[in-house]
Amino acid sequence: MGKTAPALPEERRTVYQLLSAAAAAWGEAKALHQPRGDGSYQSYSWNEYRAIAEEIALGLRSLGVGHGDIVGLASETRAEFYLADVGVMTNGSIAAAVYTSLPPMEQMKTIAACEPKAVFVENAKALAGLESAGLNALNAPRIVLSGEAQGAITLDDLRARGRAAAAADPDLLGRIISEAKPADYCILYLTSGATGEPKMGLVTHRSLVVNCDMGPKVLPVGEDDCTLAFLPSAHITQRMVMEMLMIRMGVPVWFSEGLSKMPAELRTVRPTFFVAPPRVWERVYASVANEIRKKPAAIRKLFYTGLGVGSEINRARQEGREPSLLARSSMAFFNKVVFAKIRARLGGRMRIAASGAAPLGKVLAEFYASIGMPLIEGYGLTEGGVVALNPVDRPVSGSIGVPLPGVEFRLADDGELLIRSETLFSGYYKDDAATAAVLRDGWLYTGDIASFDERGYVWITGRKKELIVSSNGKKIFPARIESLFKTEPLVNQIMLLGDDKPYVCALFTINPQAAESIPGVAELPSKDLESLVNSEPVQAEMKKVVARINKQLADFEQIRKFRILEREFSLETGELTPTMKLRRGKVLEHYRELIASLYPVREEMA
């Protein structure tokens, strides 16, 4: 791990002081690595990180952006985002990042709602999109992080302004830094809006730094490690863990150029610490499973025998006992011959692989544990910070782990998870009623249904707002059932139905690559998505998938009917949030007639 920066005293718990402590600890060591697009990287040391953040803060002051003002950020995750983000907070301003995966019009709705005094935009193309959606009406300075754009200040120009301001008034930086207090707001988060309209949550410097200080107690990473960042910076997992916590722990960050290039980046960067949402882990698993299905019977048998051995070792570890000598010796063989090749796809030296941003299915977690790369699942939310993590040395598949030091959990009478901690947000921006609904007597009402086991591990079973109550009164948590399908290569997306209905149905989308490997599909005259979905081989295979999962469910939970859709749920249709969570209300609205056909009136009355 190497040395650790000291914890900040209470009166200095601000983001600038967090970065300043990192620069003091690691100095000229490289902190950020931004790809240039030609295979090389622009790298920034910890000292440069701090100096550039200071220049940006001074530059913003020269533009009239002051303490407590909101500054918008519309950019993919990149080194310049980190520099601007911390620069905004160094200025004592509030950083409000938007999801750039949303259409420009949706981004502008958020930007306009928070009334920013300046806006950082990734490049000229992104700026043009926002201007077409009404950015000019804000009459706020805009700064492009990469390249140049007409009517905008470049990042280099802003930094030059900052240097000029410092030369003209040598005490200005000191006054700016002294203005920022731990109780000041530093981030305005946009919630993803999975169960309603998105809201904006305010977070203080103190709550953020307190959250960062939990890291050294539970996560053994430091200056000798490295990570690859790609999640959207508007999301708390990326902002808190991959940006702020990496400052606290001194971990160098390499930035991805995008999902399409990530397989190659993983092999070149070779991260030792990596955080990805379940969607990424699902895709890796589906790719492996699809390849194994095509192998000769002997290789398939070898693979599944190895999984069985790995599963036994994982089970022993979770139960706190020593695996058998036979299991340990067998695993050494399977590890070398089979599983090392899978781990090599992810760089081959990953010590801590974490799943964040959405719930991870238990079966998927057990697969990675069985191949010798257990996924460390945690739990966080915009309103609460990152508050739970599986112990790195004893993760329990499917659980979110245990509360972090200083975090208190309890359950409401209906099973809702409540949190009390110094990491909690301060409230929703200009929405007292919504704030009062989730913050009561110092407790945050998460909306998640949870349970605790005898060891203190926490299990999320569903969302209150997503609970399905059948017409006979049975309660069904769709998230748990949907997660069982995540290890099925054919299944891309799923949504369960059945609220106030006599039985459960499902809507599926499929993985075309997996579908094309199904026996009989090769003979189809056309292999476009519509043809695949409606083909007999794919329909028959999905029936087998549903039958397999139904065996794991109670009778009232089992899927009686299903339909495979001819397109994926998407951001463009409003059916997915920017973090790829399903907006169930939108799906119900868009497929009203199809869903009605699954519940004939005669059967509903039965």
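Above this note sits the structure.
Now for a description of the structure that goes with this document.

What counts and how
- Within each chain, residues carry numbers counting from 1 in the order of the written sequence.
- This being a predicted model, a pLDDT of at least 70 is required before a residue's local features are given, and a value of 80 or more before pairs of side-chain atoms are given or counted; all residues contribute to the totals for chains, interfaces and linings.
- Only hydrogens and water are set aside; all other atoms, that is, all heavy atoms of the structure, feed into the side-chain values.
- Note on ring pairs: Phe, Tyr and Trp rings are taken, using the six-membered ring of Trp, and paired if centres are within 6.5 Å. Classes follow the plane angle, with under 30 degrees stacked, over 60 edge-to-face and the rest tilted.
- Segments assigned H or I by DSSP are reported as helices when at least four residues long, segments assigned E as strands when at least two residues long, and all are numbered from the N terminus.
- For the exposure calls, accessible area comes from a 1.4 Å probe over protein chains only, and a residue counts as buried if that area is under 20% of its type's maximum, exposed if over 50%, partly exposed in between.
- Paired strands, as defined in this entry, are two strands with at least two bridges between them according to DSSP.
- What counts as an axis is a line fitted to C-alpha atoms, over the stretch in contact for a helix, and the angles between N-to-C directions run from 0 to 180 degrees.
- Here, residues are in contact when the closest pair of their heavy atoms is within 4.5 Å.
- Crossover handedness is defined here as right-handed if the route from the first strand over the helix to the second strand goes clockwise, with the strands pointing away from the viewer.

### Quick notes on the packing of aromatic side chains
- A full pass over the atoms with the stated rule returns 16 aromatic pairs.
- Between the aromatic rings of Trp 281 and Tyr 368, the centroid separation amounts to 5.3 Å while the plane-to-plane angle is 75°, which identifies the pairing as edge-to-face. In this pair, Trp 281 sits in helix α12 (residues 278-294) while Tyr 368 sits in helix α15 (residues 362-370), placing the two residues 87 residues apart along the sequence. Each of the two residues, Trp 281 as well as Tyr 368, counts as buried.
- On the numbers, 5.8 Å between centres and 75° between planes, the contact of Phe 508 with Phe 562 is edge-to-face.

### Re the sheet that holds strand β26 (residues 504-510)
- Strands sit in the order β25-β26-β27 across an open sheet of three strands; the sheet is mixed. A strand with exactly one partner marks an edge of an open sheet, and here the two such strands are β25 (491-497) and β27 (559-564). The sheet shows a mean angle of 25° between the axes of neighbouring strands, direction not considered.
- Bridge count between β25 and β26: six bridges; the pairing is antiparallel. Following the sheet pairing, Val 491 is matched in β26 by Ile 510.
- Along the sheet, helix α20 (residues 536-550) makes contact with β25, β26 and β27, crossing β27 at roughly 145°.

### Concerning the pairing of strand β5 (residues 118-121)
- Burial along β5 is two-sided: Ala 118 and Phe 120 and Val 119 and Val 121, pointing in opposite directions, are all buried.
- As paired elements, β5 and strand β6 (residues 142-144) share three bridges and run parallel to each other. Each bridged residue has a counterpart across the sheet, and for Phe 120 the counterpart in β6 is Ile 143.
- Between the parallel elements β5 and β6, the chain passes through helix α5 (residues 124-132) in a crossover that is right-handed.

Shape descriptors only; they carry no functional weight alone.
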